[in-house]
Amino acid sequence: MSVEAVTGATGTAAILPKRGGIAGALSDLLWRRPGLLLLLMLAPPLLWLGIVYIGSLLALLAQSFFSIDEYSGLINREFTLKTYGDLLQAANVDIIVRTVTMAVLVTLASAAIAFPIAYYAARYARGTWKALFYLGVMLPLWSSYLVKVYAWKLILAKEGILTWLFAKLQLSWLLDGWLSLPIVGGNSLSVSFTGTFIVFVYVWLPFMILPIQAALERVPGNLVEASSDLGASPGQTFRNVIFPLALPGIVAGSIFTFSLTLGDYIIPQIIGTSRLFIGQAVYAQQGTAGNIPLAAAFTVVPIVIMGFYLWGAKRMGAFDAL
């Protein structure tokens, strides 16, 4: 072999001498078997996912098939469906329906608010305005979750700024009338179904805006122009071109807003009434009541719901917009 073949243009060796020892043998082995290198790199996260996450879920699922002894309060570790029978009692079904209803309402409201914001950012914002858009959306995520929730509790309180604003606008009658309604009302917004809804929408809204904005960025502008050239009205263009192409982004955002609302227990605990949500029920059953099987059965409910939800979202191409 000639010197030119061994050395590069700069005169340095293009083929390095073989390394000796264990490091050299290991290097040669990994070079010859790239699959082994990939396995070694993926082993730690796969073990973490498999043992800590999936393993804990399976253990939780197993706990849901146990029951609690009504007399001793001890867990009876025999396979039974009694706990799921308890889960179907009217009070527990009411908790599940209330939580799912809140998750659906929060998702729909977040999508309705997020779409115009995301559309403006995708179609019209450029340069500095685009940077300000990202800053405005991401800034709330940089502050503490609890700080935001307690700040909203002060805003929605009977002596809060929102009540003061209604009074200044001579609309106190409207707020009092709304709070007097059953289910959605309460003594104040800070202890009502409405207040819980408002805070949920505020906290999870960025998780809806960003996927929709990413999906709208992928909509080719020439399709909108072609729709206009063919005589379509702005409403027809939105219904037949923009919305169908942006739908995967909406579904992708709904995965976050729906699942996070479904499992959250802090917001209903701080802002809301005494009526429980699934997260609060799980916390109460495994903590105060000590009924681990029923807590596990409650936890299985959002897992099953999200399993079907993710299956439907995947079919709609939502994961491409994440």
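Just so it is clear, the structure is predicted and the values come from calculations on it, not from any experiment.

**Brief notes about the overall build of the protein chain**
Part 1 of the reasoning: Assigned secondary structure in the protein chain consists of 15 helices and 2 strands.
Part 2 of the reasoning: What you see for the protein chain is a C-alpha radius of gyration of 28 Å, clearly larger than the 20 Å of a compact globule of 322 residues, by over 25%.
Part 3 of the reasoning: The C-alpha extent of the protein chain, read off along each of the three principal axes, is 95 × 70 × 40 Å.
Part 4 of the reasoning: Here the protein chain displays about 19,400 Å² of accessible surface, and carbon together with sulfur accounts for 70% of that area.

**Thoughts on the environment of Ser143**
Part 1 of the reasoning: Locating Ser143 in the fold gives a position in the loop between α6 (128-138) and α7 (145-156).
Part 2 of the reasoning: Exposure remark for Ser143: the relative accessible area of 33% places this residue in the partly exposed category.
Part 3 of the reasoning: A polar contact is formed between the side chain of Ser143 and the backbone oxygen of Pro140, at a distance of 2.9 Å.

**Quick notes on a nonpolar patch on the surface**
Part 1 of the reasoning: Together, Leu49, Tyr53, Ile54, Leu57, Leu58, Leu61 and Ile303 give the surface a local cluster of nonpolar side chains, amounting to about 610 Å² of exposed area.
Part 2 of the reasoning: Here the nonpolar patch takes 6 residues from helix α3 (residues 34-64), the largest share from any one element.
Part 3 of the reasoning: Within the secondary structure layout, Tyr53 lies in helix α3.

**Focus: the confidence of the model for the protein chain**
Part 1 of the reasoning: Of all residues in the protein chain, 90% attain a pLDDT of 70 or more, and the chain-wide mean is 83.
Part 2 of the reasoning: At the low end of the mean pLDDT range in the protein chain sits helix α1 (residues 3-6), at 48; at the high end sits helix α5 (residues 90-123), at 92.
Part 3 of the reasoning: Predicted confidence for residues 1-8 stays below pLDDT 50, and this span has 9 contacts to residues more than four positions away or in other chains.

**Describing unusual backbone geometry**
Part 1 of the reasoning: Unusually for a residue other than glycine, Gln170 sits at a positive phi of about 60°.
Part 2 of the reasoning: When you line up the elements, Gln170 lands in the loop between α8 (161-168) and α9 (172-179).
Part 3 of the reasoning: By relative accessible area, which is 63% here, Gln170 ends up exposed.
Part 4 of the reasoning: Although it is not a glycine, Ile183 adopts a positive phi angle of roughly 70°.
Part 5 of the reasoning: Looking at the element boundaries, Ile183 is found in the loop between α9 and α10 (193-217).
Part 6 of the reasoning: When its relative accessible area of 57% is taken as the criterion, Ile183 is described as exposed.

**A look at the packing of α3 against helix α15 (residues 292-315)**
Part 1 of the reasoning: In the contact formed by α3 and α15, the axes pass within 7 Å of each other and the chain directions differ by 120°. If you check the angle between α3 and α15, you find them oblique. Our pair here, α3 against α15, has a crossing hand that is left-handed. Judged by residue contacts, Leu57, Leu60, Leu61, Gln63 and Ser64 of α3 engage Ile292, Pro293, Ala296, Ala297, Thr299, Val300 and Ile303 from α15.
Part 2 of the reasoning: For the contact of α3 with α15, the per-class residue count stands at 9 nonpolar, 3 polar and no charged.

**Considerations on the packing of α5 against α15**
Part 1 of the reasoning: For the pair α5 and α15, the least separation of the axes is 12 Å and the interaxial angle reads 35°. Crossing geometry of α5 relative to α15 is assigned as right-handed. Here α5 contributes Asn92, Ile95, Ile96, Val100 and Thr107 to the contact with α15, which in turn contributes Leu294, Phe298, Val301, Ile305 and Tyr309.
Part 2 of the reasoning: Residue composition of the contact of α5 with α15, grouped by class: 8 nonpolar, 2 polar and no charged.

**Some words on the nonpolar core**
Part 1 of the reasoning: Met102, Val106, Leu156, Val199, Phe200, Ile267 and Ile271 are the most contacted members of the largest nonpolar core, which totals 19 residues.
Part 2 of the reasoning: For this core, the elements supplying multiple residues, two or more each, are α5, α7, α9, α10 and α13 (266-270).
Part 3 of the reasoning: Element by element, the count of residues in this core is highest for α10, at 6 residues.
Part 4 of the reasoning: In this structure Ile267 touches Tyr145, Val149, Thr196, Val199, Phe200 and Val203, once residues within four positions along its chain are discounted.

**Description of the pattern of salt bridges**
Part 1 of the reasoning: Using the criterion set out here, one finds 3 salt bridges in the structure.
Part 2 of the reasoning: Between Asp86 and Lys82 there is a salt bridge whose closest N-O contact spans 3.3 Å. Within this pair, Asp86 and its partner Lys82 are both found in helix α4 (residues 82-87), separated by 4 residues, close to a single helical turn.
Part 3 of the reasoning: Judged by relative accessible area, which is 34%, Lys82 ranks as partly exposed.
Part 4 of the reasoning: Note that Arg98 is salt-bridged to Asp94, the shortest N-O span being 2.3 Å.

**Looking at the environment of Arg77**
Part 1 of the reasoning: Mapped onto the fold, Arg77 is located in the loop between β2 (75-76) and α4.
Part 2 of the reasoning: As for Arg77 and Ile303, which are separated by 226 residues in sequence, their C-alpha atoms are 22 Å apart.

Rules and cut-offs
Residues numbered from 1 in each chain as written. Predicted model: local features only at pLDDT ≥ 70, side-chain atom pairs only at ≥ 80, totals over all residues. Heavy atoms only, no water. Helix = DSSP H or I, 4+ residues; strand = E, 2+ residues; numbered from the N terminus. Rg over C-alpha atoms; globule rule 2.2 N^0.38 Å. Areas by Shrake-Rupley, 256 points an atom, 1.4 Å probe, with all protein chains shown as cover. Buried < 20%, exposed > 50% of the residue type's maximum accessible area, 1.4 Å probe, protein only. Polar contact = N/O pair within 3.5 Å; in protein donor to acceptor, adjacent residues only side chain to side chain. Patch = residues over 30% accessible without salt bridge, like charges linked within 9 Å, V, L, I, M, F, W, Y side chains within 5 Å. Salt bridge = Lys/Arg side-chain N within 4 Å of Asp/Glu carboxyl O. pLDDT = per-residue confidence, 0-100. Contact = heavy atoms within 4.5 Å. Axes fitted to C-alpha atoms, helices over the stretch in contact; angles between N-to-C directions. Parallel < 35°, antiparallel > 145°, perpendicular 65-115°, else oblique. Left-handed = near helix turned anticlockwise from the far one by under 90°. Nonpolar A, V, L, I, M, F, W, Y, C, P; charged D, E, K, R; others polar. Core = buried A, V, L, I, M, F, W, Y, C linked by side-chain atoms within 4.5 Å.

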